[in-house]
Amino acid sequence: MEPNVIIYTNTICPVCAMVRSFLADHDIPYREVNVDLHPIEMLKLIGKTRRLTVPQTCVNGTFISGFDPVGILKLVHPS
């Protein structure tokens, strides 16, 4: 089963670009939500994570803050 990956980003975030590149480099499909363009999604994200920062990567319902490639891979490919 393919993992459900969503990354929450904003327009000027360099760390968000790192997460996008990491996912693309590892052929991990994802959906991106830019919270600058979708402020209601930011409010929902804050409610779920209790964090005000991006990137937030959601893999099958589990959130990872910032750029954590090992954490992402563990969730995408659990052993």
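In this report, we go over the structure that sits alongside the text. Predicted model, so just to flag it, every value in this text is computed and none were measured. (Residues numbered from 1 in each chain as written. Predicted model: local features only at pLDDT ≥ 70, side-chain atom pairs only at ≥ 80, totals over all residues. Heavy atoms only, no water.)

### A look at the environment of Leu73
Here is step 1: Along the chain, Leu73 turns up in helix H3 (residues 69-76).
Here is step 2: Judged by its relative accessible area of 30%, Leu73 is partly exposed.
Here is step 3: Placed 10 residues apart in sequence, Leu73 and Phe63 show a C-alpha to C-alpha distance of 13 Å.
Here is step 4: Beyond its immediate stretch of four places on either side in the chain, Leu73 contacts Phe22, His26 and Ile28. (Helix = DSSP H or I, 4+ residues; strand = E, 2+ residues; numbered from the N terminus. Buried < 20%, exposed > 50% of the residue type's maximum accessible area, 1.4 Å probe, protein only. Contact = heavy atoms within 4.5 Å.)

### Describing the sheet that holds strand E1 (residues 5-9)
In any sheet, the strands associate via hydrogen bonds between backbone groups, in a parallel or an antiparallel arrangement.
Here is step 1: Pairing is mixed across the open sheet formed by four strands, whose spatial order is E2-E1-E3-E4. Strands with a single pairing partner mark the edges of an open sheet, and in this sheet they are strand E2 (31-34) and strand E4 (62-65). Averaged over all pairs of adjacent strands, the angle between their axes in this sheet comes to 20°, without regard to strand direction.
Here is step 2: Inspection of the sheet shows strand E3 (residues 56-59) paired to E4 by four bridges, in the antiparallel sense. (Pairing = 2+ DSSP bridges. Axes fitted to C-alpha atoms, helices over the stretch in contact; angles between N-to-C directions.)

### Observations concerning the pattern of salt bridges
Pairing between side chains of opposite charge can happen when the charged atoms of each approach one another.
Here is step 1: Enumeration over the complete set of coordinates arrives at two salt bridges.
Here is step 2: The salt bridge partner of Arg20 is Glu32, with a shortest N-O separation of 2.8 Å. Within this pair, whereas Arg20 is found in helix H1 (residues 14-25), its partner Glu32 is found in strand E2, the two being separated by 12 residues in sequence.
Here is step 3: Of the residues examined, Arg20 reaches a relative accessible area of 23% and is grouped as partly exposed. (Salt bridge = Lys/Arg side-chain N within 4 Å of Asp/Glu carboxyl O.)

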